[in-house]
Amino acid sequence: MKLVILNGRIIDPSQNLDQVTNLYLSRGRIVGMGDQAPEGFTATQEVDATGKWILPGLVDLQARLGEPGSNFAGSIASETKAAAAGGITSICCPPDTSPVNDSQAVTELLQRRARQASTAFVMPIGALTIDLKGERLSGIYSLKQAGCVALSQANTPIRSALTLKNALEYTSTQDMVVMLRCEDQQLKNGGVAHSGPVSSRLGLPEIPSSAETTALARDLILVEEAGVRAHFSQLSCARSVEMIADAKKRGLPITCDVAIHQLHLSEMDVLGFNSLFHVSPPLRSMQDKQALLMGLKSGVIDAVVSDHTPLQKDEKLLPFGESMPGISGLETLLPLLMKLVQENDLDLMTAIRCVTQNPAKILGVQRGTLDINQPADLSIFNPEGIWTLKVNEMLSEGQNTPFQGWEFIGQVEQTFFQGRSVYRKNQV
Amino acid sequence: MSRLTGPNIQLNELGQLHHFLTIEGLKQQHLIEILDTAESFINPNTQEIKKVPILRGKTIMNLFFEPSTRTRTTFEIAEKRLSAQVESLDIETSAAKKGESLLDTLWNLQAMQTDMFVIRHAQSGAAQFFSQHVAPHVHVLNAGDGQHAHPTQAMLDMFTIRKHKGSVFDLKVAIVGDVLHSRVVRSQIQALSILEAREIRVVGPKTLMPESPEAMGIHVYHDMEEGIKDVDVIIMVRLQNERMTSALIPSEKEFFKLYGLTKERLALAKPDAIVMHPGPINRGVEISSEVADGPQSVILEQVTYGIAVRMAVMSIIMSNAAQLKQHRAEQASLDLDEPHTLNAMEEANS
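Owing to the predicted nature of the structure, the values given are computational and were not obtained by experimental measurement.

Enquirer: I'd like to hear about the environment of L378(A), residue by residue, with values.
Expert: All names here are of chain A. Inspection of the secondary structure puts L378 in strand β16 (residues 378-388). On the basis of neighbour count, L378 is assigned to the buried category, with 29 C-beta atoms found within 10 Å. Considered as a pair, L378 and N16 are 362 residues apart in the sequence and their alpha carbons are 16 Å apart. With near-sequence residues (within four places) excluded, L378 lies in contact with I54, L55, P56, G57, L370 and F416.

Printed below as a string of structure tokens:
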């Protein structure tokens, strides 16, 4: 099949491109761009994208896909469909599955399921330690061979500095990126909300910013010593942004990301005890939120992730502190990012770069680009039209979103994965 | 900070108490009504609490997800003095871990014709959570949720203060001890501020003080002598054992040295200052026996008043419900010509 997408505004940060023209796809790849079709190209199908934007398929560094195990809602089939609806075509899934992805078998299972669903490029992240316990190292080389693109501890950081040091040094010789969530469990001390005016008034057990920053300080020093390529996941504090900026200035091979909800919500949203706002790391102060946004603008923060955590309804039907943290976020990553652009908090190129070129570069994969010969992963985005997020219209099986009822401008109309249409609005 | 006070979900459409979850967001008139009603339950000559038939035919379920003897007992006594039918259940939190089973428990008990739940739970916000899942005619009364609120305890403290000082207005109040972990103190601070106390001080080591006292409108003192100087009321807070094991303070002995209320220290407060404590007291930890049993101590009165105040809250909530029903019936008859109000009329007639 040879497909031409006509007259779309092609926005591709990887080529510094923002231009209205045609895009030519063939055999699952992009084969040309411009007013003239490449030689020998005769379209068998045409899509008119006049007035629409063509975006590279988004690359999400952290989304839970519900498989294997019953920790989360949904399946690879359901959650990759939700991703497609949000313009996301490449997804890293963290190892906190059940069983934990600390073996070739689980990695292969994930890949097999992803191939069956064939809606998005699923990139498993292997567990750095067996069963994420932070004690013994997983078979890191085996995980790499099986196709893991990175290693992480998901939301359970290694407590022992010695074990972490060993894990980082061992991994440094395997040319793999290690993703680190920084959180000192002792300082967290069972907390569920940022320590600030809201936790003071509501009496919610507190998580101080130092739970993140002290862990980050430790990890940065060990990363520097080990010389490993490290990526810091889901920063939440202003001070963390400063620390990352300093480390980057020193020339450390590090990158970092922020979850999209941290750029829109703050501790103030926890005031009603609404468990949908229970996330980990917690929603922090307005100042932290501003600093994260500034970090994204200045390039200190490289990527934005959905931190998609689809949960059974049950898991949120509990008092705030007993509920499971997390947001079903695949379908709101792009809309929330666009909202920042519309509110002049972020320029369009930077916004798109943080969810395409940058995350692809962090992983070292050829995705998130519309360059010639690359996989034809893209979405057609209608920049106009106001719509409201309704939970019952979400494709994810996790309906745990605090953004129900939010109004957005612009929406994905169609998504292509390796040249095939995997999502079309109102035609699921 | 305006976003800190959201719409108050414990009030009905007439602005009256429907649930009693927290002091926060209530108006002075709500608190005064509770205090005045409590007063009416106490015989002015004998100081005894009357038995009244106000809640005859009503069923009150005391749900305690966290152990309590005193609060539960005073609630039960208050309910019985109001002639309600009373059931008390201790629920192991382990048996109610999953969301559905927790709410299933609630709905099952609701189906037993319960009119009001009195709930204690270890999680902050639990009372509000339950109030959002009960039927519209069922009331929830918070008997302590995590570190969030314990509004009836705060109201009985206000009642005690008013008994001795005539009013809370313009008083200087010092609260001493573990402010950070105390739901009682959070509610007390809100009540004191709504009733326009002049100054609310909290006294204790930094490890037991909240992160953002300014958001609560309080002044922090780390020095006991300075903190209680010239105050009208001293409220001592019970120190829990786990504060030592989690290294927040060194020992009971050292705490007493720094913050214990002794006769000598009490002399720094106003001569007619009263000493309060939500009980049970740790003698020689927060307070010396001399002070606890001394003439300025009102600790045991607080227990008695607790019954009257809880009776007041429950009777006000039930009488508000009756008023609301009547209000809706009147509204429905006013709109008699409007065909769409048929449902409302049926409801009013039932």
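Enquirer: Requested: an account of the interface of chain B and chain A, with residues and values cited.
Expert: Residue-level contacts link 25 residues of chain B with 22 residues of chain A. Counting only elements with at least two residues in the side of chain B that touches chain A, the list comes to α3 (99-110), α4 (126-131) and α6 (183-194) of chain B. Looking at which element gives the most residues to the side of chain B that touches chain A, the answer is α3(B), with four residues. Taken together, the residues that form the side of chain B that touches chain A break down as eight nonpolar, eleven polar and six charged.

Enquirer: Residue-level account of the domain arrangement of chain B, with values.
Expert: Residue and element names in this part refer to chain B. Once the domains are mapped, chain B shows domain 1 (2-149 + 303-327) and domain 2 (151-299). Here domain 1 and domain 2 have C-alpha centroids that lie 26 Å from each other. With 25 residues of domain 1 in contact, the opposing surface of domain 2 contributes 19 residues. Contributions of two or more residues to the side of domain 1 that touches domain 2 are made by α1 (28-40), β4 (139-145) and α12 (299-334). Of all the elements, α12 adds the most residues to the side of domain 1 that touches domain 2, at six residues. Across the side of domain 1 that touches domain 2, the residue classes break down as 13 nonpolar, eight polar and four charged.

Enquirer: So, the packing of helix α4 (residues 161-172) of chain A against helix α7 (residues 210-226) of chain A: which residues are in play, and what are the values?
Expert: Residue and element names in this part refer to chain A. Remark: α4 packs on α7, axes separated minimally by 9 Å, with the N-to-C direction vectors making an angle of 35 degrees. In terms of crossing hand, the pair formed by α4 and α7 is right-handed. Facing A161, L164, K165, L168, E169 and S172 of α4, the residues of α7 in contact are R218, L222, V223 and A226. In the contact of α4 with α7, the residues fall into six nonpolar, one polar and three charged.

Enquirer: Outline the sheet that holds strand β8 (residues 121-127) of chain A, supporting the account with residue identities and numerical values.
Expert: All names here are of chain A. Read across the open sheet, the eight strands follow the order β6-β7-β8-β9-β10-β13-β14-β15; overall the sheet is parallel. A strand with exactly one partner marks an edge of an open sheet, and here the two such strands are β6 (58-60) and β15 (303-305). For this sheet the average axis-to-axis angle between neighbouring strands, irrespective of direction, equals 25 degrees. Inspection of the sheet shows strand β10 (residues 177-181) paired to strand β13 (residues 230-233) by four bridges, in the parallel sense. Following the sheet pairing, R181 is matched in β13 by S233. Docked against the sheet, helix α2 (residues 104-117) engages β7 (88-93) and β8, running at close to 170 degrees with respect to β8.

Enquirer: Which residues make up unusual backbone geometry, and what are the values?
Expert: Peptide bonds are trans in most cases, and residues, glycine excluded, mostly fall at negative phi. Cis peptide bonds are those with omega within 30 degrees of zero, and the linkage from S280(A) to P281(A) qualifies with -5 degrees. Relative to the helices and strands, P281(A) resides in the loop between β14 (254-259) and α9 (286-298). Along the chain, G279(B) connects to P280(B) via a cis peptide bond; the corresponding omega equals -15 degrees. Along the chain, P280(B) turns up in the loop between β9 (274-276) and α11 (289-292). Despite not being glycine, N189(A) shows a phi value in the positive range, around 50 degrees.

The rules behind these values
- Residues numbered from 1 in each chain as written.
- Chains lettered and ligands numbered in written order.
- Predicted model: local features only at pLDDT ≥ 70, side-chain atom pairs only at ≥ 80, totals over all residues.
- Helix = DSSP H or I, 4+ residues; strand = E, 2+ residues; numbered from the N terminus.
- Buried ≥ 20, exposed ≤ 12 C-beta atoms within 10 Å, placed from the backbone.
- Contact = placed C-beta atoms within 7 Å.
- Nonpolar A, V, L, I, M, F, W, Y, C, P; charged D, E, K, R; others polar.
- Domains from an automatic or database assignment.
- Axes fitted to C-alpha atoms, helices over the stretch in contact; angles between N-to-C directions.
- Left-handed = near helix turned anticlockwise from the far one by under 90°.
- Pairing = 2+ DSSP bridges.

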